[in-house]
Amino acid sequence: MDKKVRVRFAPSPTGGLHIGGVRTALYNYLIAKKNNGTMILRIEDTDQTRYVEGAEEYIKEALAWVGIQLDESPWQGGKFAPYRQSERKDLYKKYALKLIEEGNAYYAFDTEDEWDSKRKELEAAGVVSPQYNSITRMQMKNSLTLTAAEVKAKLAAGEPYTIRLKVPHKEDIRVHDLIRGWVVFHSSLLDDRVLLKSDGMPTYHLANVVDDYLMQISHVIRGEEWLPSAPVHVLLYKMLGWENEMPQFLHLPLIMNPDGNGKLSKRYADQLGFPVFPIEWHNKEKQATMTGYREAGYFPETMVNFLVLLGWNAGTEQEIFSMQELIDSFSIERIGKSGTKFDINKAKWFNQHYLKATSNPTLARLLLADLAKNNRTLSQEKAEKVVEILKERVTFVKDFLTEGKYLFDAPQTFDEQIASKKWNQPLVEVLNGYKNALQTHQESLEAHTAKEILNKTTDSLGVKFGSVMQGVRLAITGAGAGADLMEIIAFLGADEVSKRIDYAVSTLKVVS
Ligand code: GLU
């Protein structure tokens with residue numbers, strides 16, 4: 001790459017950042033880091049009507065959580081500050097005026113009602129979805145149809161106006177995209193986009209292009225949904241005389257619903273019970289809190305690894321990547337064109353991997369934090385033991401509490417099906433014998449000792465060890481399956497195990 005790599009993630013603070021937005025930010029970040037470039041965050045808040053309070057802080061927190069570090073942003077500043085478009089408001093108009101001067105844009109004085117009635121008129125005449133474009137503009141009230149004196153008078157009288165882009169009548173607009181190659185749009189399909197609104201604010205198109213130019217952006221990396229805007233942007237670069245400075249475009253493939261039908265939607269995600277937000281999002285307007293991946297127990301490493309593969313692959317069998325490995329191996333050439341299906345099971349698989357890769361003392365601390373939320377405590381040593389016993393069986397830290405609930409609480413109920421098959425007289429005798437034998441091990445009990453004692457008990461009663469194992473498990477945990485039983489017994493200790501045996505024996509009915 002010849003030009004210094006400067007990329008930007010440019011979210012609009014209109015709500016919680018969707019998980020797809022995090023992927024866009026991640027791809028920007030990886031391309032920046034891989035090329036010793038600069039990662040910029042610009043807040044695109046020109047549409048004040050869609051501004052949602054708290055969205056900006058949310059974006060900041062979500063990106064920090066996944067480990068995307070910014071080099072320039074509204075929060076840390078930078079050489080091209082300000083990075084919030086509302087704070088750059090006064091900068092855009094001169095470009096709109098330059099476009100007018102050079103015949104590439106025009107003042108439009110029509111009110112919304114006027115355009116509305118023109119639209120209806122056109123519809124009645126058989127025009128499908130009429131647009132304010134290179135044909136209809138000649139029937140409207142603008143600086144192309146009014147005389148110079150009329151325009152001057154209107155401006156002097158302070159009449160509200162917008163500035164519209166004068167899209168060429170019949171022209172192919174060629175957009176070069178690094179992922180898709182050349183994409184050609186015919187200008188007759190574009191309307192004369194508003195560039196400057198009547199409140200003096202620029203629209204997305206004008207502000208976006210002006211800022212990308214002024215901030216010396218080398219690559220515009222964004223979701224595929226912005227591809228239809230690209231010809232407008234290419235036109236603007238040309239008309240503003242910035243063609244040589246035009247950034248490279250990369251429109252990332254869509255993230256699809258799990259069944260491959262359409263773009264990943266919140267409705268679909270809700271139905272299947274997975275979040276669409278990286279971190280919890282509180283929608284004040286709807287008084288609703290939407291859970292995030294962070295709150296659902298996913299690690300940031302999981303998110304990075306999972307999201308990066310939604311549209312990119314290394315071309316090898318490797319699936320597990322740390323952020324640094326991604327920075328080293330990421331390549332634009334391996335970004336796909338077609339949409340990728342969202343598969344939450346894959347995310348769970350990654351989480352399992354990262355959980356196993358986390359040290360037991362760290363997991364124990366996370367478990368203790370979860371326990372504290374339920375007003376419970378455990379020693380760090382005991383918590384590490386819980387982790388050791390269950391690590392292979394859980395996907396999330398919160399699973400330690402559910403998967404291993406018998407490590408924290410004695411069972412109140414027992415799996416009926418197992419009980420009806422296994423709870424027989426020989427088992428009860430083994431349990432009572434085991435309980436007595438454990439008396440001498442009240443101080444401490446190791447898994448192998450717990451097993452030896454149980455072995456001796458079954459031997460002395462002439463019962464097969466294997467035939468009572470599940471029953472013993474049922475008495476102690478309430479369930480027919482789970483983690484290594486001898487580890488569980490050692491963890492609970494002789495006293496607690498004896499109590500549980502007593503309770504089970506007094507509760508369950510013996511089957512013959
Ligand atoms: N503000 C746009 C958004 O909300 C940015 C699109 C772009 O990157 O050009 O996604």
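Each chain has its residues counted from 1, running along the sequence as written. Local features in this predicted model are restricted to residues whose pLDDT is 70 or higher, and side-chain atom pairs enter the listing and the counts only when it is 80 or higher, whereas totals over whole chains, interfaces and linings include all residues. Excluding hydrogens and water, the side-chain values take into account all heavy atoms of the structure.

(A) Here's a closer look at the packing of helix 18 (residues 425-438) against helix 20 (residues 465-477). Angles here are taken between N-to-C directions and fall from 0 to 180 degrees, while the axes themselves are lines fitted to C-alpha atoms, restricted in helices to the stretch in contact. The helix count covers DSSP runs of H or I at least four residues long, the strand count covers runs of E at least two residues long, and both are numbered beginning at the N terminus. It is at 10 Å that the axes of helix 18 and helix 20 come closest, and there the two elements cross at 60°. Between helix 18 and helix 20 lies a crossing of right-handed hand. Touching Leu-427, Val-430 and Leu-431 of helix 18 are Val-468, Gly-471, Val-472 and Ala-475, all from helix 20. Ten residue types, Ala, Val, Leu, Ile, Met, Phe, Trp, Tyr, Cys and Pro, are classed as nonpolar, four, Asp, Glu, Lys and Arg, as charged, and the remainder, Gly among them, as polar. Among the residues forming the contact of helix 18 with helix 20, the class breakdown is six nonpolar, one polar and no charged. For any pair of crossing helices, the crossing counts as left-handed if the nearer helix is rotated counterclockwise from the farther one by less than a right angle, and right-handed if it is rotated clockwise. Throughout, a contact is declared for two residues whenever any of their heavy atoms are within 4.5 Å.

(B) Structural context of the sheet that holds strand 4 (residues 162-165). Strand order in the open sheet formed by three strands is 3-4-7, and the pairing between neighbours is antiparallel. Edge positions in the open sheet fall to strand 3 (105-108) and strand 7 (194-196), since each of these has one partner strand only. With strand direction ignored, the average angle separating the axes of adjacent strands in the sheet is 40°. Here, a strand pair is defined by DSSP locating no fewer than two bridges between the strands. The pairing of strand 4 with strand 7 spans two bridges and is classified as antiparallel. In the strand pairing of strand 7, Ile-163 is matched with Leu-196.

(C) The arrangement of unusual backbone geometry in detail. In this structure, the amide linkage connecting Ala-81 to the following residue, Pro-82, adopts the cis form with an omega of -5°. Among the secondary structure elements, Pro-82 is positioned in the loop between helix 2 (55-66) and helix 3 (89-101). Of note in this structure, Gln-287 is not a glycine but carries a positive phi near 55°. With a relative accessible area of 63%, Gln-287 lands in the exposed category. Relative accessibility under 20% of the residue-type maximum defines a buried residue, over 50% an exposed one, and the middle range a partly exposed one, all with a 1.4 Å probe and only protein chains included.

(D) Examining helix 6 (residues 204-214) more closely. Among the eleven residues in helix 6, nine count as buried, and that is most of the element. Structurally, helix 6 contributes buried residues whose contacts are with strand 1 (6-9), helix 3, strand 7, strand 8 (219-223) and helix 7 (230-239). Positive backbone phi, approximately 55°, marks Gln-216, located one or two places after helix 6.

(E) Quick look at the site of the ligand. Consider each residue's heavy atoms; a residue with any of them within 4 Å of a molecule or strand counts as near. The ligand sits among Arg-8, Ala-10, Ser-12, Glu-44, Tyr-204, Asn-208, Arg-222 and Trp-226. Between N or O atoms, a polar contact is any pair within 3.5 Å; within protein, one atom must be a potential hydrogen donor and the other a potential acceptor, and residues adjacent in sequence are included only when both atoms are from side chains. A distance of 3.0 Å separates a nitrogen atom of the ligand from a polar side-chain atom of Ser-12. In this structure, Tyr-204 approaches the ligand through a side-chain N or O atom, which is 2.7 Å from an oxygen atom. The Shrake-Rupley method, run with a 1.4 Å probe, gives the accessible areas here. Residue values count only the displayed protein chains as cover. Burial of the ligand by the protein amounts to 84% of the accessible area it has alone, namely 290 Å². Partitioning the shell around the ligand into residue classes produces three nonpolar, two polar and three charged.

(F) Spatial organisation of helix 3. Taken together, the buried positions of helix 3 are Tyr-92, Tyr-95, Ala-96, Leu-99 and Ile-100. Buried positions in helix 3, seen along its axis, are confined to an arc of 145° and lie on one side of it. Every exposed residue of helix 3 that faces more than 90 degrees away from the buried side is listed here: Asp-90, Lys-94 and Glu-101. Contacts from the buried residues of helix 3 go to strand 3, strand 4, strand 7, helix 6 and helix 7. Gly-103 sits one or two residues past helix 3 and shows a positive phi near 80°. In this context, the arc is that of the directions from the helix axis out to the C-beta atoms.

So, to be careful, I would describe these as geometric facts and stop short of saying anything about function.
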